[in-house]
Amino acid sequence: QKEVEQDPGPLSVPEGAIVSLNCTYSNSAFQYFMWYRQYSRKGPELLMYTYSSGNKEDGRFTAQVDKSSKYISLFIRDSQPSDSATYLCAMSGYGGATNKLIFGTGTLLAVQP
Amino acid sequence: DAGVTQSPTHLIKTRGQQVTLRCSPKSGHDTVSWYQQALGQGPQFIFQYYEEEERQRGNFPDRFSGHQFPNYSSELNVNALLLGDSALYLCASSLAQGARSRESYGYTFGSGTRLTVV
């Protein structure tokens, strides 16, 4: 079993839709939870990060972490064609920014105009 | 403010050859990590360098080695290349110590080096 599981998609939605992306994990030592966006031929770009459980909102993006269920989510409201990319969840244990990241496989999202 | 710079952007090598990839971290960052991203997969952690020493290592063979220089830049070396080493190699820099603001937290990734082994 992989430490982090993520539905690879692809996911296709119309412009303006609400998008829900999810990951599950098995390692209870994970404390830091991140979502990265990766455009084609580019490196991952940090979108959201959360420490421990809870919700975090930034503009059209909301990240949720449920440590009891080992489940994290990213919601994108009013999705735009420019949101079309691969979304990667990533996690790390104690040490935060200096600890290695464990990534999901990524979900490919296409927002249709 | 320059982000993470990687060179070269693309590389084609033959099986059995050796390759060196280079990375300059984001200004102000002192820690460099390397990740391998196969097609359709998430990045896999190779190793991390801080203060010119390897601090953490992922599940990669000894054919993968690295170095960090006093100016924090880094190299990734892969010996005896296999077809399976074909991937996007990502360099990520971070701050070992820093306030947990979005700007200083976590990694800043470069655009990667696309390595093709034939």
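Student: Explanation requested: the overall build of chain A in the structure shown.
Tutor: A count of helical and extended segments in chain A gives 0 helices and 11 strands. Of the regular secondary structure in chain A, the N- to C-terminal order runs β-β-β-β-β-β-β-β-β-β-β. Whereas a compact globule of 113 residues would reach a radius of gyration of roughly 13 Å, chain A reaches 13 Å, a difference of no more than 12%. Within chain A, the fraction of its 113 residues that count as buried is 48%. If you take every contact in chain A between residues at least 6 apart in sequence, the share linking residues at least 24 apart comes to 55%. For chain A, the accessible area works out to roughly 5,100 Å², and carbon and sulfur atoms hold 50% of it.

Student: I tried to follow the pattern of salt bridges on my own but got confused; where do I start?
Tutor: Opposite charge on two side chains permits them to pair, given that their charged atoms come into close proximity. Tallying each qualifying case throughout the model produces 7 salt bridges over all chains. Among the ionic pairs, A:Arg77 bridges to A:Glu57, the shortest N-O distance being 3.4 Å. Taken together, the residues span a long stretch of sequence, with A:Arg77 in the loop between strand S8 (71-76) and strand S9 (85-92) and A:Glu57 in strand S6 (residues 54-58) at a distance of 20 residues. Residue classification places A:Arg77 among the partly exposed residues on the basis of a relative accessible area of 29%. Using a relative accessible area of 59% as the deciding quantity, one classes A:Glu57 as exposed. Among the ionic pairs, B:Arg63 bridges to B:Asp85, the shortest N-O distance being 2.9 Å. In this pair, B:Arg63 is assigned in the loop between strand S6 (53-57) and strand S7 (64-68) and B:Asp85 in the loop between strand S8 (74-78) and strand S9 (87-94), connecting sequence segments 22 residues apart.

Student: I keep staring at the interface of chain A and chain B and nothing clicks. Help me out?
Tutor: For an interface, size is often stated in terms of accessible area lost upon the parts coming together. Taken together, the contact between chain A and chain B spans 24 residues of the former and 24 residues of the latter. Between chain A and chain B the total buried area reaches about 2,000 Å² when both faces are included, carbon and sulfur atoms providing 50% of it. The interface formed by chain A and chain B includes 2 residue pairs in polar contact (both at pLDDT 80 or more). Of all the elements in the fold, those that place two or more residues in the side of chain A that touches chain B are strand S4 (32-38), strand S5 (45-51) and S9 of chain A. Of the residues that constitute the side of chain A that touches chain B, the class distribution is 11 nonpolar, 8 polar and 5 charged.

Student: Explain the state of the cysteines to me, please; I cannot follow it from the model alone.
Tutor: Note: disulfide means a covalent bond formed between the sulfur atoms of two cysteine side chains. The full count for this structure, using the stated rule, is 2 disulfides over all chains. Across a sulfur-sulfur distance of 2.0 Å, A:Cys23 and A:Cys89 are joined as a disulfide pair. Around the S-S axis, the bridge from A:Cys23 to A:Cys89 shows a dihedral of about -100° and counts as left-handed. With a gap of 66 residues between them, A:Cys23 in strand S3 (residues 19-25) and A:Cys89 in strand S9 connect regions that are remote in the sequence. Summarising the burial analysis for this pair, A:Cys23 and A:Cys89 share the class buried. Between the sulfur atoms of B:Cys23 and its disulfide partner B:Cys91 the distance amounts to 1.8 Å. In this structure, the disulfide formed by B:Cys23 and B:Cys91 twists by about -65° around the S-S bond and is classed as left-handed. You can see B:Cys23 sitting in strand S3 (residues 19-24) and its partner B:Cys91 sitting in strand S9, a full 68 residues away along the chain. B:Cys91 carries the same exposure label as B:Cys23, and that label is buried.

Student: So what exactly am I meant to see when it comes to unusual backbone geometry here?
Tutor: Glycine aside, residues mostly have negative phi angles, and peptide bonds mostly take the trans form. Cis geometry marks the peptide bond from B:Ser7 to B:Pro8, where omega comes out at -10°. Along the chain, B:Pro8 turns up in the loop between strand S1 (5-7) and strand S2 (10-13). Positioned with a positive phi, A:Asp78 is a non-glycine residue whose angle comes to about 45°. Phi is positive for B:Glu52, which is not a glycine, with a value near 65°. Assignment of secondary structure puts B:Glu52 in the loop between strand S5 (44-50) and S6. Of the residues examined, B:Glu52 reaches a relative accessible area of 42% and is grouped as partly exposed.

Student: Before we go on, may I ask you to explain the pairing of S9(B) in this structure?
Tutor: Both faces of the sheet carry side chains from a regular strand, because those side chains alternate between them. All names here are of chain B. Across the 8 residues that make up S9, a large majority, 8, are buried. As paired elements, strand S4 (residues 31-37) and S9 share 7 bridges and run antiparallel to each other. By the bridge assignment, Gln 37 is partnered in S9 with Leu 88. Sheet analysis places S9 next to strand S11 (residues 113-117), joined by 3 bridges and oriented antiparallel. Counterpart to Ala 87 in the pairing with S11 is Leu 115. In terms of strand pairing, S9 meets strand S10 (residues 108-109) through 2 bridges, oriented antiparallel. The residue bridging Ala 92 from the neighbouring strand is Phe 109, located in S10.

Conventions and cut-offs
Residues numbered from 1 in each chain as written. Chains lettered and ligands numbered in written order. Predicted model: local features only at pLDDT ≥ 70, side-chain atom pairs only at ≥ 80, totals over all residues. Heavy atoms only, no water. Helix = DSSP H or I, 4+ residues; strand = E, 2+ residues; numbered from the N terminus. Rg over C-alpha atoms; globule rule 2.2 N^0.38 Å. Buried < 20%, exposed > 50% of the residue type's maximum accessible area, 1.4 Å probe, protein only. Contact = heavy atoms within 4.5 Å. Areas by Shrake-Rupley, 256 points an atom, 1.4 Å probe, with all protein chains shown as cover. Salt bridge = Lys/Arg side-chain N within 4 Å of Asp/Glu carboxyl O. Buried area = accessible area lost by both parts, 1.4 Å probe. Polar contact = N/O pair within 3.5 Å; in protein donor to acceptor, adjacent residues only side chain to side chain. Nonpolar A, V, L, I, M, F, W, Y, C, P; charged D, E, K, R; others polar. Disulfide = S-S within 2.5 Å. Pairing = 2+ DSSP bridges.

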